[in-house]
Amino acid sequence: MASILLLNCGSSSIKYQLLDPEVGVPEAVGIVQRIGQDVSTIDHEVGDQELHDERRFADHTEAVAAVVKMFDEHGPSLDKVVAVGHRTVHGGDEFVESVEITDAVVAKLHELIPLAPLHNPPAIAGIEGAKAVLPDVPHVAIFDTAFFSSLPEEAYTYAIDREVGRKHGIRRYGFHGTSHQFVSQEAAKFLGRPLEDLKLIVAHIGNGASMSAIDGGVAIDTSMGLTPLEGLVMGTRSGDIDPGVHQFLVGKGMTIQEVDTLLNKQSGLLGMADKTDMRDIVAAVEAGDHDAELALKIYTRRIVKYIGAYAAILGGVDAVVFTAGVGENAAEVRRRVVESLSGLGFELDPEANAVRSKVAREITAPTSRVKVLVVPTNEELAMARETMRVISEG
Ligand SMILES: Nc1ncnc2c1ncn2[C@@H]1O[C@H](COP(=O)(O)OP(=O)(O)O)[C@@H](O)[C@H]1O
Ligand SMILES: CC(=O)OP(=O)(O)O
Ligand SMILES: [Mg+2]
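It should be emphasised that the depicted structure is a prediction, and the values quoted were computed from it without experimental measurement. (Residues numbered from 1 in each chain as written. Chains lettered and ligands numbered in written order. Predicted model: local features only at pLDDT ≥ 70, side-chain atom pairs only at ≥ 80, totals over all residues. Heavy atoms only, no water.)

Caption draft 1: View of the sheet that holds strand β10 (residues 209-215). With mixed pairing, the six strands of this open sheet are ordered in space as β11-β10-β9-β12-β14-β13. Pairing within the sheet leaves two strands with one partner each, and these edge strands are β11 (218-222) and β13 (361-362). In this sheet, strand β12 (residues 319-323) lies alongside strand β9 (residues 199-205) in parallel orientation, the contact comprising five bridges. Paired with Val202 across the strands is Val321, a residue of β12. Contacts from helix α13 (residues 331-340) reach β12, β13 and β14 (371-374) within the one sheet, and its direction differs from that of β12 by about 160°. (Pairing = 2+ DSSP bridges. Helix = DSSP H or I, 4+ residues; strand = E, 2+ residues; numbered from the N terminus. Contact = heavy atoms within 4.5 Å. Axes fitted to C-alpha atoms, helices over the stretch in contact; angles between N-to-C directions.)

And the structure:
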């Protein structure tokens, strides 16, 4: 029995699991939410016990301590943990694959904070918090950016002055890589075809959202860029926008910091319709709310645009794959996207699309020119496997 503790520290949350990668079924699963707000919550599931607590966690350090306390009080014991895997969003140029975390690695992660200000500080807090409690086991950093280190030069280079680009390391990195890779492998298994033969478009649509074009298992393009702001419309992020907006708003009296906060935290679904959660958006649309309807149209249109672009870049597409919180659960989003693509031969199977399930499934009709799949992601399982690989090779 080799239990691995997996920590996925987001900007305001920590998702965690205790998992033996060979068994695949978690021994414990939990989530801390609304870290830093007036009331935070922690939910810890072990066996058929579901524990819930509400308290303020001022930061990720306090939240990690609360997670450890849950394990101490309700189990399972962390004594048999052999390694800890940490989701680490930005690896920059420095890290193109997972690494065992040393003090030097933590120092580099600090240097990368400007590239992922919402994501890297929580990861560092998670690493420091978990190392304090489990100092004698290896800790492994698994980078969102690693899977996209295969991007061709013409996909990762921005069309700006090349000296400025090189000097400051301005390039597309791509994020959610662990999920894009895992889901593409699962899609190949579902289709019963070798991944090497498949042209796939993966849409990882959660609170943060990104798409990728994957040719034979290799990522050749992705929608997130230097930072996790580019690309799709997200819960609070604008995604693609005219870069001229920055200068324009600064001219109107905003500071560049305020513009950055606007685009990262006050835009997307929240900015357009006052709600970040797709369940609330869909409910508002059903109630006839015009802002929510417009937000959903903009949101789905962006996904449709990327599908068209990536089908063209790939030179054909075998399957489009939806995953993550919205992709797996929001049938209305999938319906709108697939129906918009009818001109390209996409044909939705409405009954299959309405099914709620935790397993991979197809949601298009047998006559559809392109298959559309829903494939649940499991970043924690992929992270556990990766952690085992690093420590056994280490
Ligand atoms: N049943 C549901 N129907 C529609 N959307 C859902 C449902 N459950 C979750 N979501 C959406 O998924 C999002 C969370 O997705 P997730 O992949 O967990 O995101 P993240 O990892 O970025 O926190 C929520 O903000 C919500 O918009
Ligand atoms: C990189 C990123 O956007 O991550 P998340 O979806 O967890 O916010
Ligand atoms: Mg996520």
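Now that the structure has been shown, the text picks up again.
Caption draft 2: A look at the domain arrangement of the protein chain. For the protein chain, the assigned domains are domain 1 (3-143) and domain 2 (178-379). Spacing between the C-alpha centres of domain 1 and domain 2 amounts to 26 Å. Opposite the ten residues of domain 1 that make contact, domain 2 presents nine residues. Per-residue buried area on domain 1 facing domain 2 is highest for Leu115, Leu118 and His119; these three make up 52% of the total on that side. Counting across the interface, domain 1 meets domain 2 through zero salt bridges. Summed over the shared surface of domain 1 and domain 2, the number is one residue pair in polar contact (both at pLDDT 80 or more). Within the side of domain 1 that touches domain 2, the residues separate by chemical class into five nonpolar, four polar and one charged. (Domains from an automatic or database assignment. Buried area = accessible area lost by both parts, 1.4 Å probe. Salt bridge = Lys/Arg side-chain N within 4 Å of Asp/Glu carboxyl O. Polar contact = N/O pair within 3.5 Å; in protein donor to acceptor, adjacent residues only side chain to side chain. Nonpolar A, V, L, I, M, F, W, Y, C, P; charged D, E, K, R; others polar.)

Caption draft 3: Main features of the environment of Thr41. With respect to the element layout, Thr41 can be found in strand β4 (residues 40-46). A C-alpha to C-alpha distance of 32 Å links Thr41 and Leu226, two positions 185 residues apart in sequence. Among residues more than four places away in sequence, those in contact with Thr41 are Ile31, Val32, Gln33, Arg34, His52, Asp53, Glu54, Arg55 and Phe57.

Caption draft 4: Quick peek at the sheet that holds β4. Taken in spatial order, the eight strands of this open sheet run β5-β4-β3-β2-β1-β6-β8-β7, and their pairing is mixed. Each end of this open sheet is capped by a strand with a single partner; those strands are β5 (49-55) and β7 (99-100). With six bridges joining them, strand β3 (residues 28-33) and β4 adopt antiparallel strand pairing. For Val29, the partnering residue across the bridge sits in β4 and is Glu45.

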